[in-house]
Amino acid sequence: MQRCGRTVLNTLSTLGEVLLLLGRSIPGPRSLWRERTRIVEQMIIVGSETLPIASLVAFFIGMVLVVQTADQLVNYSQEVLGSIVGLSMTKELGPVLIAFLVAGRVGSSITAQIGSMAVYDELNALRTMDIDPERYLVTPRIIAMALSLPVLILYADAVGILGGCLAVQLDPAIDISLALFWDNLVSEIAMQDIVVGLVKGVVFGVTIAAVSCAFGLRTRGGTAGVASSTTQSVVWSFVLVIVFDFIIVRMAVLLP
Amino acid sequence: MKRTPGKGVDVKVDNVIHEYGDLRVLDGVNMDIAAGETLCVLGGSGTGKSVLVRLMAGLEVPTSGEIQIGGMLVPEYAALPPDEKPFLVSMVFQHSALLGSLTVEENITLRMREHRTHSEKDMHSICEQVLDEVEMGGSNNKLPGELSGGMKKRVALARALAVNPDLLFYDEPTAELDPVLTEQIGLLIARVRRDRPITQVVVTHDMVIADIVADRVAMLGDGRIAEEGSYREFLASPDPGTRSFLEAARVLTSRDQADNKDKTGKDG
Ligand SMILES: Nc1ncnc2c1ncn2[C@@H]1O[C@H](COP(=O)(O)OP(=O)(O)OP(=O)(O)O)[C@@H](O)[C@H]1O
Ligand SMILES: [Mg+2]
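Residues numbered from 1 in each chain as written. Chains lettered and ligands numbered in written order. Predicted model: local features only at pLDDT ≥ 70, side-chain atom pairs only at ≥ 80, totals over all residues. Heavy atoms only, no water.

Moving on: the interface of chain B and chain A. The interface is formed by 20 residues belonging to chain B together with 16 residues belonging to chain A. Summed over both sides, the interface between chain B and chain A buries roughly 1,600 Å², with carbon and sulfur atoms accounting for 57% of that surface. Of all residues in chain B, the largest losses of buried area upon contact with chain A belong to Phe93(B), Leu99(B) and Glu114(B), amounting jointly to 31% of the total for that side. Counting every contact that joins chain B to chain A gives four salt bridges. At the surface where chain B touches chain A, the tally comes to eight residue pairs in polar contact (both at pLDDT 80 or more). Where the side of chain B that touches chain A is concerned, the elements lending two or more residues are β6 (89-92) and α4 (110-115) of chain B. With four residues, the top contributor of residues to the side of chain B that touches chain A is α4(B). A class-by-class count of the residues in the side of chain B that touches chain A yields 11 nonpolar, three polar and six charged. (Contact = heavy atoms within 4.5 Å. Buried area = accessible area lost by both parts, 1.4 Å probe. Salt bridge = Lys/Arg side-chain N within 4 Å of Asp/Glu carboxyl O. Polar contact = N/O pair within 3.5 Å; in protein donor to acceptor, adjacent residues only side chain to side chain. Helix = DSSP H or I, 4+ residues; strand = E, 2+ residues; numbered from the N terminus. Nonpolar A, V, L, I, M, F, W, Y, C, P; charged D, E, K, R; others polar.)

The next thing to look at is the pattern of salt bridges. As enumerated under the stated definition, the model contains 27 salt bridges over all chains in all. Bridged by salt links that share partners, the residues Glu35(A), Arg38(A), Arg135(A) and Glu114(B) form one connected network.

Right, let's get into the site of ligand 1. Residue and element names in this part refer to chain B. As a matter of local geometry, ligand 1 sits amid 15 residues, with Ser-45, Gly-46, Lys-49, Ser-50 and Val-51 nearest to it. Backbone polar atom of Val-51 to an oxygen atom of ligand 1: 3.0 Å apart, as the coordinates give it. Contributing elements (two or more residues each) for the shell around ligand 1: β2 (23-33) and α1 (49-56). For the shell around ligand 1, the leading source of residues is α1, giving four residues. Of the residues contributing to the shell around ligand 1, the split by class is four nonpolar, eight polar and three charged. (Near = heavy atom within 4 Å.)

All names here are of chain B. Taken together, the six strands give an open sheet; going across it, the order is β6-β7-β8-β3-β9-β10, and neighbouring strands pair in mixed fashion. Each edge of the open sheet carries a strand with a single partner, namely β6 and β10 (224-229). When strand polarity is set aside, the average angle formed by the axes of neighbouring strands in this sheet is 20°. Judged from the four bridges that link them, β6 and strand β7 (residues 167-171) form a sheet pairing that is parallel. (Pairing = 2+ DSSP bridges. Axes fitted to C-alpha atoms, helices over the stretch in contact; angles between N-to-C directions.)

This part covers the domain arrangement of chain B. All names here are of chain B. Here chain B is partitioned into domain 1 (1-88 + 166-235) and domain 2 (98-163). Each of domain 1 and domain 2 has a C-alpha centre, and these two points are 23 Å apart. Summed over both sides, the interface between domain 1 and domain 2 buries roughly 1,300 Å², with carbon and sulfur atoms accounting for 58% of that surface. If you look at where domain 1 meets domain 2, you find two salt bridges. At the junction of domain 1 and domain 2, the tally comes to five residue pairs in polar contact (both at pLDDT 80 or more). A total of six residues in the side of domain 1 that touches domain 2 trace back to one element, the largest contributor, which is helix α7 (residues 179-195). (Domains from an automatic or database assignment.)

A word on the packing of helix α4 (residues 81-119) of chain A against helix α7 (residues 178-188) of chain A. All names here are of chain A. Relative orientation of the contacting elements α4 and α7 amounts to 50°, with a least axis distance of 7 Å. It follows from the interaxial angle that α4 and α7 lie oblique. At the point where α4 passes α7, the crossing takes the right-handed sense. Where α4 approaches α7, its residues Leu-81, Gly-82, Ser-83, Val-85, Gly-86 and Leu-87 are matched on the opposing element by Phe-181, Asn-184, Leu-185 and Glu-188. In terms of residue class, the contact of α4 with α7 is built from five nonpolar, four polar and one charged. (Parallel < 35°, antiparallel > 145°, perpendicular 65-115°, else oblique. Left-handed = near helix turned anticlockwise from the far one by under 90°.)

A word on the nonpolar core. Ranked by internal contacts, the top residues of the largest apolar core, which has 106 residues, are Leu81(A), Leu126(A), Met145(A), Phe181(A), Leu26(B), Met31(B) and Met56(B). Here this core gathers at least three residues from each of two domains, domain 1 (1-88 + 166-235) and domain 2 (98-163) of chain B. Apart from the residues within four sequence positions on either side, Met31(B) is in contact with Val11(B), Lys12(B), Val13(B), Leu39(B), Val41(B), Leu52(B), Met56(B), Ala218(B), Ile225(B) and Glu228(B). Formed by 44 residues, the second largest nonpolar core is a distinct cluster that contains Leu131(B), Val192(B), Ala210(B) and Phe234(B). (Core = buried A, V, L, I, M, F, W, Y, C linked by side-chain atoms within 4.5 Å. Buried < 20%, exposed > 50% of the residue type's maximum accessible area, 1.4 Å probe, protein only.)

Attention shifts here to the packing of aromatic side chains. One pass over the structure, following the stated rule, counts four aromatic pairs over all chains. For the pair Phe215(A) and Trp236(A), a centre-to-centre distance of 6.2 Å together with 45° between the ring planes defines the contact as tilted. Remark: Trp236(A) occurs in helix α9 (residues 222-254) and Phe215(A) occurs in helix α8 (residues 191-217); sequence separation between them is 21 residues. In this structure Phe215(A) comes out as buried when scored by relative accessible area, which is 1%. Consider the rings of Tyr77(B) and Phe87(B), whose centres lie 4.9 Å apart with planes at 10°: the pair is stacked. Of this pair, Tyr77(B) sits in helix α2 (residues 74-79) while Phe87(B) sits in the loop between α2 and β6, and the two are 10 residues apart along the sequence. Exposure class is identical for Tyr77(B) and Phe87(B). Each is buried. If you follow Arg36(A) out to its NZ or CZ, it ends over the ring of Trp33(A), 4.1 Å from the centre. (Phe/Tyr/Trp six-rings, centres within 6.5 Å; stacked < 30°, edge-to-face > 60°. Lys NZ or Arg CZ within 6 Å of the ring centre and 35° of its normal.)

Listed below in structure tokens is the structure:
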């Protein structure tokens, strides 16, 4: 009972820490402009870390989605295959897939980097130079993630759908033509579906960046401390991404 | 406010107590450091030397008590905008604390670059000057990862000097260095003392450093300043805590060595 209470308290205080950090690190237009080089640097890191693996995974997910859904639809009509695959990819799989990849590859390395800076007094060195570590390290990462995730998601959507097209073309178990698949896909995906995916991208990006930086900043206790905050930050990113995913989906359903 | 660079400021530590949870690390530290003085704070491992220097540098806030630098409370000083500080404080950290993703020159010019206080040309010439001062000329474009431990320490010192500080803290500037490098760093700190009229506080458990650089030493033990004085006075101190520290540091006065010889003579 007591342990349960402590877990709840710890969870709430971590959430609070992340939120406060986020509140302090959202820049005004002027500091946004000042930080532009570091933001671009960070975006390049996010892109180069994630693009190769995202291409591979999105492509295969697209193919799997087609093959799997087609199999489920055998007794109905495979004509709706295009819309099912297209909508799953743009609204759900693209955003979550990219968020998990970014949390695993970029988020973890942000925590490890800031964590070791905390442990080796590099953050204190910044403070003695009157440089606020939050402005210097956190702000560019949050902005960079908020900007890059939507782009990565669009890319993953496209690659996934491409993989799906390939599967439609090559898999003998699929009866419909590529043209029919494509027509159905294009006719059913509305702008709104893509926008929901992009909104998710911004929210997930900010979440992963804030969580990863917060766990990095609070790191204590040498290399062991860095290792433990890195694992914790990835777990927290995954959980929060899924929770926000649900919240956004629920809200999007309410939209006209 | 226009600052007169590198003139030295005094430090007053007034009854500082610092606790982590139930652990009382500092238990009423009092210390006066005069402007322009180089003070060595000595003490065994875990006596709270790093904590004391972090408090003086404003990186942590004491549980109770006050610290003034240049007649200003540390939190007041820290709250001033960077370009309104009447004097500057720098620090050299135990693990050098260079930013790994920046080159030596970028590390050294970081404060000036971030606060846009100098032109590119000035920053470059200041960088050249401080690198020469620590005998690391020509390493501008190296990354910290390419430097040895001793070289990193020198660059860290160069970075601290680049802002032209009035007060310079060192936390274990020779940690993890062999005796030869230790002496070299000691000589560099002594050179800073000679060439710049600034206040330096050197926290160390290394007697070699204290011997080379200190105008005065203070011994930290049991959370207080147990002993203060010149290096010579310190070596001759009758205080049991100081004696055991000296013994551990194997720095024995010639009389002690003579005593030892007598003993071995008797044994043999
Ligand atoms: N952030 C902290 N949280 C909890 N305890 C701490 C913290 N920092 C220091 N301590 C404790 O304070 C005491 C003094 O630590 P400090 O690092 O100042 O020692 P030191 O004199 O610098 O030793 P060394 O010569 O090994 O560097 C130690 O017992 C340490 O465990
Ligand atoms: Mg220490």
